[in-house]
Each structure stands twice: as C-alpha cells, then as structure tokens.
Amino acid sequence: MLIKRYLIPSDYSVAKSWELVEWCMSRGANEFTIDFLSSNPSGAGDRWEQFDEVVRPLSLGEAKLERMSGRTADDLSRPTARWALNRTSVSALKDALAQGFFQYDPWQDGWFEDPILYRDGELMLGVLSHEAFAVLRLTESEAQELDAGGFPSHDSLPRIG
C-alpha cells in the first residue's frame, strides 16, 4: 500500500530537489511528463524546441495518466505525453528547470511547470507548480528511507499564511 507525503518547494535547495529526482529513479521512477506554457507562442518556441530536441528520442508516446490538475475531476486522468526518465532526460529537465525540480517561474515567453515522475505508469512524484507543493507516493519503508535521506516531507499539506 502506498502512502502520500507532501513536499514544499521552499524546503528544498536546487541541489536537494535533483537529489530527490535521483532518489525516485533509484526506487523505480522510469518516465515523466512536464507542461510548457506560453502567453506568447511565437516567442516561446526556442525554449520548448531546445528541450524537445533532447527528449524526443526518449518519447514513450501518449498514455492516459494521472495528472496534478485538470479542468474537471474527470480531467485528472487524461492522454499525456511522456518520456523515459534517465540521465539524458534529467539533464534536459535540469536545463529547463534551472532553479530546481520544483521551479515555478512564469516567463513572458514561456515556462515549464508541473513535472511528474511516474513509476510503472503510476504517479510517484507530482508537482503542482503554481500552488507550490508536491505529492510523493511511496511505501512505508520508502517513507523511512526518505526521512533517513534528509528529504523534508509532511504527512499533510502545511497551512501557509
């Protein structure tokens, strides 16, 4: 049985956020998705194109997967572009999210948000960037390993403000 642990981006340095991604990979995270948004599509293509050039060969196609947000409850599981999670794709993610895996920095020309790591098609680590939290689904023993590894987490979402 999996339990949920909640993560707050401000608890993590850039380096620690990428250590968490590596930790998830070592426990079976094997694919990911990420959104790219833009308020100016004509000026944002370069950021997406640079990312896509690296991850395109790692594409796993679309699959109906759980997401962190949706327009309706039914939209929480929907067709989702996904890529293999490996050293190459993590490097591309680090370039796209230079301020860490939890980065939320909407640029005028476009930005990446809401990265999700999947373990065998199930959401393992999901970020809701604009709400500044993440959910990590793991076993009881993995939760103990998470704590022992110095990764801050919470049993519930802390109240902010």
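The coordinates are above.
Residues numbered from 1 in each chain as written. Predicted model: local features only at pLDDT ≥ 70, side-chain atom pairs only at ≥ 80, totals over all residues. Heavy atoms only, no water.

## Some remarks on the overall build of the protein chain
In step 1: When helices and strands are counted, the protein chain shows four helices and seven strands.
In step 2: Traced from its N-terminal end to its C-terminal end, the protein chain shows the element sequence β-α-β-α-β-β-α-β-β-β-α.
In step 3: Reported as C-alpha extents along the three principal axes, the dimensions of the protein chain are approximately 45 × 35 × 35 Å.
In step 4: Counting the 161 residues in the protein chain, one finds 47% classified as buried.
In step 5: Long-range pairs, those at least 24 residues apart, make up 70% of the contacts in the protein chain between residues at least 6 apart in sequence.
In step 6: Taken as a whole, the protein chain presents about 8,400 Å² of accessible surface, with 48% of it coming from carbon and sulfur.
In step 7: Positive and negative charge centroids in the protein chain, built from 16 and 26 side chains respectively, lie 3 Å apart. (Helix = DSSP H or I, 4+ residues; strand = E, 2+ residues; numbered from the N terminus. Buried < 20%, exposed > 50% of the residue type's maximum accessible area, 1.4 Å probe, protein only. Contact = heavy atoms within 4.5 Å. Areas by Shrake-Rupley, 256 points an atom, 1.4 Å probe, with all protein chains shown as cover. Lys, Arg positive; Asp, Glu negative; His and termini not counted. Charge placed at Lys NZ, Arg CZ, Asp CG, Glu CD.)

## Some thoughts on the environment of Glu142
In step 1: Looking at where Glu142 falls in the secondary structure, it is placed in helix H4 (residues 140–148).
In step 2: Residue class for Glu142 comes out buried when judged on its relative accessible area of 9%.
In step 3: Considering only alpha carbons, one finds Glu142 and Glu19, 123 residues apart in sequence, at a separation of 15 Å.
In step 4: Beyond its immediate sequence surroundings of up to four residues, Glu142 is in contact with Trp23, Arg27 and Arg119.

## A short note on the packing of aromatic side chains
In step 1: In this structure the tally under the stated criterion is 13 aromatic pairs.
In step 2: Seen from their ring centres, Phe32 and Phe51 are 6.4 Å apart, and the 80 degrees between their planes marks the pair as edge-to-face. Note that Phe32 is positioned in strand S2 (residues 31–37) and Phe51 in helix H2 (residues 41–55), a separation of 19 residues in sequence. In this structure, Phe32 and Phe51 share a single accessibility class: buried.
In step 3: Aromatic side chains Phe51 and Trp83 sit 6.2 Å apart centroid to centroid with 85 degrees between the ring planes, which places their arrangement in the edge-to-face category. One end of the pair, Phe51, is in helix H2; the other, Trp83, is in strand S4 (residues 77–84), with 32 residues separating them in the sequence.
In step 4: By relative accessible area, which is 4% here, Phe51 ends up buried.
In step 5: Taken together through their ring pairs, the aromatic side chains of Phe32, Phe36, Trp48, Phe51, Trp83 and Phe112 make up a single cluster. (Phe/Tyr/Trp six-rings, centres within 6.5 Å; stacked < 30°, edge-to-face > 60°.)

## Quick notes on the pairing of strand S6 (residues 122–128)
In step 1: Most of S6 is tucked away, with six of its seven residues classed as buried.
In step 2: Bridge analysis of strand S5 (residues 111–119) against S6 gives four bridges, and the strand direction is antiparallel. Within the sheet, the bridge partner assigned to Tyr118 lies in S6 and is Leu123.
In step 3: Joining the antiparallel neighbours S5 and S6 is a turn of two residues, in which Asp120 adopts a positive phi near 50 degrees. (Pairing = 2+ DSSP bridges.)

## Topic: the pairing of S2
In step 1: Pairing between S2 and S4: two bridges, direction antiparallel. Note that in S4 the partner of Phe32 across the bridge is Trp83.
In step 2: Examined bridge by bridge, S2 and S5 share six bridges and lie antiparallel to one another. Looking at the pairing, Asp35 lines up with Glu113 of S5.

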